[in-house]
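# Chains, contacts and geometry: an overview
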Amino acid sequence: MLHVFLAAVLQVLDFPAIAPRIAPAECGSLPGIETVLHLPSLNYLLIGEYHGTVEMPAVAADALCVAAKSGRPVVLGIEFTPANQSALEAYLSSDGSDAARTALLSSPAWQVNEGRTTQAVFDLIESARRLVAEGRRIAIVAFDRVPEPAVSRQREAALAQSLMEARAGLPGSLVVALTGAGHAGKTPWSSQTPPFPSTGQILPDAETVALTFARPGGMFWGCRAPNGDASAGCTAYEMPAREPVSARGIVLDRTLREGFEGVFSAGRPYTASRPARS
């Protein structure tokens, strides 16, 4: 009966309720991330992905977690248009309830069931919310300012400018951005005529580390096959395997892939992540 008596006393004295403890977020093992984070002058970490997998956003989530727990403020970049900014911010400061999830998934980006709006991307945002709940300093930015899906010189410049402005808004921060590998790399869009700089090229070179994904094959969710065939619509497609499976982690080596400081591996073939709204 003692606990009942104490509860009654606290109610009478109008003491504030004791907030429940937030269980610390656990960072997944990502060998090599500490080496990346200790690089001098690092301010931008670009995780160049193939949209639509479970594993690639999970690598970004682990990188975000380790960076945030190091004590440095972090900006999480999501390749959504600014129409989604307020919903992302609201979710980041929410309790993660069903109502908060429904509100986030009601914002414009999630209405299209393509590879950037999967459950894995939602889980990445949720990992950021959990880190905020335990007191880490994390901001979020929807950095795809030009809404048309095609690659363009204007879009690349806008992507880079959005990330630079977001970092300026949180002094001393590290930007961790999940984006298509073509945007992340430091080589021009040579598939376009004439070629023009990518987002990774436009950002300050000495401050930017661009990573791309290992290529052991697997599956991804998208709205067209790797060969461009869109006749099957939005579904799971096979991703061609180009190399053996390597251990999970990050390897910094500029010779591995042109235009990138290194390669990250999920440690297994990729699996398709379904749209979060489904």
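Residues numbered from 1 in each chain as written. Predicted model: local features only at pLDDT ≥ 70, side-chain atom pairs only at ≥ 80, totals over all residues. Heavy atoms only, no water.

The next subject is the overall build of the chain. Helix and strand content of the chain: nine helices and nine strands. For the chain, the residues scored as buried account for 47% of the 278 residues in total. Long-range contacts, defined as pairs at least 24 residues apart, comprise 72% of the intrachain contacts of the chain with a sequence gap of at least 6. For the chain, the accessible surface area stands at approximately 13400 Å², while carbon and sulfur atoms represent 58% of it. Side chains of the chain carry 23 positive and 26 negative charges; the gap between the two charge centres is 1 Å. (Helix = DSSP H or I, 4+ residues; strand = E, 2+ residues; numbered from the N terminus. Buried < 20%, exposed > 50% of the residue type's maximum accessible area, 1.4 Å probe, protein only. Contact = heavy atoms within 4.5 Å. Areas by Shrake-Rupley, 256 points an atom, 1.4 Å probe, with all protein chains shown as cover. Lys, Arg positive; Asp, Glu negative; His and termini not counted. Charge placed at Lys NZ, Arg CZ, Asp CG, Glu CD.)

Before going further, it helps to spend a moment on the side chain of Glu-49. Looking at the secondary structure, you find Glu-49 in strand S1 (residues 44-49). For the buried residue Glu-49, which engages in no salt bridge, the nearest side chain bearing the opposite charge is Arg-116, 7.3 Å off. Ignoring sequence-local partners within four residues, the contact set of Glu-49 consists of Met-56, Pro-57, Leu-178, Thr-179, Gly-180, Ala-181 and Phe-213. (Salt bridge = Lys/Arg side-chain N within 4 Å of Asp/Glu carboxyl O.)

A full pass over the atoms with the stated rule returns two disulfides. A sulfur-sulfur separation of 1.9 Å characterises the disulfide bridge that pairs Cys-27 with Cys-65. In this structure, the disulfide formed by Cys-27 and Cys-65 twists by about -80° around the S-S bond and is classed as left-handed. In this pair, Cys-27 is assigned in the loop between helix H1 (2-13) and helix H2 (33-37) and Cys-65 in helix H3 (residues 55-69), connecting sequence segments 38 residues apart. Its relative accessible area of 27% is what places Cys-27 among the partly exposed residues. Each bonded cysteine of the chain gets a number by its place in the sequence, and the pairs then read 1-2, 3-4. (Disulfide = S-S within 2.5 Å.)

The next subject is unusual backbone geometry. As a rule of thumb, non-glycine residues mostly have phi less than zero, and peptide bonds are mostly trans rather than cis. The phi angle at Ser-41 is positive, at roughly 70°, despite the residue not being glycine. Inspection of the secondary structure assignment puts Ser-41 in the loop between H2 and S1.

A few words now on the pattern of salt bridges. Taken as a whole and judged by the stated rule, the model has 16 salt bridges. Measuring nitrogen to oxygen at the nearest pair gives 2.7 Å for the salt bridge that ties Arg-155 to Asp-144. Here Arg-155 is found in helix H7 (residues 153-169), whereas its partner Asp-144 is found in the loop between strand S3 (138-142) and H7, with eleven residues between them in sequence. The salt bridge partner of Lys-186 is Glu-261, with a shortest N-O separation of 2.8 Å. One end of the pair, Lys-186, is in the loop between helix H8 (181-184) and helix H9 (199-202); the other, Glu-261, is in the loop between strand S8 (249-252) and strand S9 (262-265), with 75 residues separating them in the sequence. Each of Glu-79, Glu-114, Arg-116, Asp-144 and Arg-155 takes part in one network of salt bridges that share partners.

In short, geometric facts, not functional conclusions.
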